[in-house]
Amino acid sequence: MNMHNTGAAFGADSLRSILGISVLAIRWDDAVALLTRLIAERRFTQVTFLNAHNANVAYTDPVVAEALDDFLILPDGVGVDLAAKLLYGAPFPDNLNGTDFIPAFLQASARPLTVGLLGATRVNAEAASKKLAALALQHRFVVIHDGYFSPAEEPAIVDRIARLRPDVLLVAMGVPRQELWIARHIDARHCTLPIAVGALLDFLSGTVPRAPLWMRRLRLEWLFRLWIEPGRLWRRYVVGNPLFLWRVIGQKFLRRPAPAKTRLGADPGASC
């Protein structure tokens, strides 16, 4: 299932194009029901989340932009909400950030599932697996491998996934490696829902702290993360967030197509 098929299922107005990337405008409960149905029907669907950082990466990288065309993309964060409000007059119905949404989705899925975990360090992946098992007792959680492997190790990892054939595969390798890895290595023979989850396993393990609830409610979790890891994240937030909004303004007023897709030879006038 790609985003265009999903949009058709929910109505033509259910997709929002943010810098040339189609994002599903959907309520939290409807998103849970959608993923649950995809698993029940065994409909292979690649899933990821769009925030300002991901959008900036795809804007400048044609390979990433092309890969995202085959993903079901959910909105994550205040940046894409501001973009949707500027471009479409209203924010997305809900903030479906993966750190909160994925555990909630697994808790809400009554049918027992097999969930594979791939990425982070082995210690963090194991700790995240235990945390998820405590949150969703009905499911089986299996750590496939950490995220630090060489190309030579990939065939064995992919083969292990195929033998396990989990209903859900959580891939935590960071952007854009996780999306590209899913696009290049995972298909319906391996699992039903491969989901790119970023730092989810690190958060679940407790190694990386979450912002206090009041900051999350004020949509300031990015500021907390910047304070915790300024050396790694300053460029993403201090430079990246204003750059993202500038590009969105260009989309609205100059009707500029996403350069990455233009270089790929996509129709600049095509609707996403």
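Above this text you will find the structure in question.
What counts and what doesn't
Think of each chain on its own: its residues are numbered from 1, step by step along the sequence as written. For a predicted model such as this one, the threshold for reporting local features is a pLDDT of at least 70, and the threshold for listing and counting side-chain atom pairs is 80 or more; totals across whole chains, interfaces and linings nevertheless cover every residue. Values reported for side chains reflect all heavy atoms of the structure, with hydrogen atoms and water molecules removed beforehand. Burial classification: accessible surface area is computed with a 1.4 Å probe over protein chains only, and a residue below 20% of its type maximum counts as buried, one above 50% as exposed, and the rest as partly exposed. Helix and strand definitions here come from DSSP, where helices need a minimum of 4 consecutive H or I residues and strands a minimum of 2 consecutive E residues; each element is numbered from the N-terminal end. A pair of strands is treated as paired once DSSP finds two or more bridges between them. Lines are fitted to the C-alpha atoms to define the axes, a helix being fitted only along its stretch in contact, and any angle between axes, read from their N-to-C directions, falls within 0 to 180 degrees. Just so you know how the angles are binned, under 35 degrees is roughly parallel, over 145 roughly antiparallel, 65 to 115 roughly perpendicular, and the rest oblique. Two helices cross in a left-handed way if the nearer one is turned anticlockwise from the farther one by less than a right angle. They cross in a right-handed way if the turn is clockwise. It only takes one pair of heavy atoms within 4.5 Å for two residues to be counted as in contact. In this count, Pro and Cys sit with the nonpolar residues alongside Ala, Val, Leu, Ile, Met, Phe, Trp and Tyr, while Asp, Glu, Lys and Arg are called charged and the others, Gly among them, polar. Only buried residues count toward a nonpolar core. Its members are Ala, Val, Leu, Ile, Met, Phe, Trp, Tyr and Cys residues joined through side-chain atoms within 4.5 Å. Multiplying one less than the number of residues by 1.5 Å gives the expected span of a helix. Arc definition: it is the arc formed by the directions from the helix axis to the C-beta atoms. Any pair of nitrogen or oxygen atoms within 3.5 Å is treated as a polar contact; in protein, a donor-acceptor pairing is required on top of that, and neighbouring residues in sequence qualify only through side-chain atoms on both sides. The criterion for an aromatic pair is that two Phe, Tyr or Trp rings (for Trp, the six-membered ring) have centres within 6.5 Å, with stacked assigned to planes under 30 degrees apart, edge-to-face to planes over 60 apart and tilted to the rest. Any Lys NZ or Arg CZ that is within 6 Å of a ring centre and within 35 degrees of that ring's normal is treated as a charge sitting over the ring.

J.: Before we move on, can you summarise the pairing of strand β3 (residues 46–50) with the specific residues and values?
T.: In terms of burial, β3 is largely enclosed, as five of its five residues are buried. On β3, burial covers both faces: Gln 46, Thr 48 and Leu 50 on one face and Val 47 and Phe 49 on the other are all buried. Examined bridge by bridge, β3 and strand β4 (residues 71–75) share five bridges and lie parallel to one another. Residue pairing in the sheet places Leu 50 in a bridge with Pro 75 of β4.

J.: Can you tell me about unusual backbone geometry, naming the residues and giving the values?
T.: Omega for the bond connecting Val 175 with Pro 176 falls within 30 degrees of zero, at 0°, which places this linkage in the cis form. Of note, Pro 176 is situated in the loop between β7 (168–172) and α9 (177–185). A positive phi is found at Leu 19, a non-glycine position, where the angle reads about 50°. Counting through the fold element by element, Leu 19 comes out in the loop between β1 (15–18) and β2 (21–24). At Arg 219, a residue that is not glycine, the phi angle is positive and equals roughly 65°.

J.: Describe in detail the packing of helix α5 (residues 78–88) against helix α13 (residues 230–253), supporting the description with residues and values.
T.: Two measures define how a pair of helices packs: the angle their axes make with one another and the distance between the axes. Where α5 contacts α13, the two axes come as close as 10 Å, and the packing angle between them is 20°. Classified by the interaxial angle, the pair formed by α5 and α13 is roughly parallel. Crossing of α5 against α13: the hand is right-handed. Side by side, α5 and α13 meet where Gly 79, Val 80, Leu 82, Ala 83, Leu 86 and Leu 87 of the first sit next to Phe 244, Leu 245, Val 248, Ile 249, Gln 251 and Lys 252 of the second. In the contact of α5 with α13, the residues fall into nine nonpolar, two polar and one charged.

J.: Describe the nonpolar core, naming the residues involved and giving the relevant values.
T.: Within the largest apolar cluster, 40 residues are counted, with the highest numbers of intra-cluster contacts made by Ile 18, Leu 50, Leu 118, Ile 161, Leu 169, Trp 181 and Phe 244. Ranked by residues supplied to this core, first place goes to helix α3 (residues 52–60) with five residues. If we ignore the near neighbours within four places in the chain, the residues touching Ile 18 are Val 23, Leu 50, Ala 83, Ala 84, Leu 87, Phe 92, Phe 244 and Gln 251. Leu 35, Leu 113, Ala 136 and Leu 200 belong to the second-largest nonpolar core, a separate cluster that totals 37 residues.

J.: Go over helix α7 (residues 122–135), please, and point to the residues and values.
T.: For α7, built from 14 residues, the straight-helix expectation of 20 Å at 1.5 Å per residue is met to within 8% by its first-to-last C-alpha distance of 20 Å. Along α7, the positions that sit buried rather than exposed are Asn 124, Ala 125, Ala 128, Ser 129 and Leu 132. The buried residues of α7 occupy one face: seen down the axis, they fall within an arc of 140°. Away from the buried face of α7 by more than 90 degrees, exposed residues Val 123, Lys 130 and Ala 134 are located. Each element contacted by the buried residues of α7 is listed here: α6 (98–108), β5 (114–119), β6 (140–145), β7 and α10 (200–205).

J.: Can you lay out α5 for me, pointing to particular residues and giving the numbers?
T.: Of the positions making up α5, those classed as buried are Gly 79, Val 80, Asp 81, Ala 83, Ala 84 and Leu 87. Note on α5: the residue one or two positions beyond its end, Gly 89, has a positive phi of about 90°.

J.: Talk me through the packing of helix α2 (residues 28–40) against α6; I want residue IDs and the actual numbers.
T.: The contact between α2 and α6 brings their axes to 10 Å, and the two run at 60°. Taken together, the axes of α2 and α6 are oblique relative to one another. Handedness of the crossing formed by α2 with α6: right-handed. On the side of α2, the interface is formed by Trp 28, Ala 31, Val 32, Leu 35, Thr 36 and Ile 39, while α6 contributes Asp 100, Phe 101, Ala 104, Phe 105 and Ala 108. The residue makeup of the contact of α2 with α6, split by class, is nine nonpolar, one polar and one charged.

J.: An account of the side chain of Gln 46 is requested, with residue identities and associated values reported.
T.: Topologically, Gln 46 is positioned in strand β3. A distance of 3.0 Å separates a polar side-chain atom of Gln 46 from the backbone oxygen of Asp 70. In contact with Gln 46, not counting residues within four places along its chain, are Asp 70, Phe 71, Leu 72, Ile 182, Ala 183, Ile 186 and Pro 194.

J.: Please set out the packing of aromatic side chains residue by residue, giving values where relevant.
T.: For the structure shown, the criterion picks out five aromatic pairs. An angle of 80° between the planes, with centres 5.2 Å apart, marks the rings of Trp 28 and Phe 101 as edge-to-face. In this pair, Trp 28 is assigned in helix α2 and Phe 101 in helix α6, connecting sequence segments 73 residues apart. Relative accessible area serves as the criterion here: at 0%, Phe 101 is assigned to the buried category. The interplanar angle of 10° and the centroid separation of 6.3 Å between the aromatic rings of Phe 101 and Phe 105 together place this pair among those described as stacked. Of this pair, Phe 101 and Phe 105 both sit in helix α6, four residues apart, which is roughly one turn of that helix. The pair Phe 101 / Phe 105 is uniform in exposure class, with both members buried. Site record: aromatic cluster; members linked through ring pairs are Trp 28, Phe 101 and Phe 105. Cation over ring: Arg 16 sits above Tyr 88, and NZ or CZ is 5.2 Å from the ring centre.

Honestly, it's all geometry; don't read function into it.
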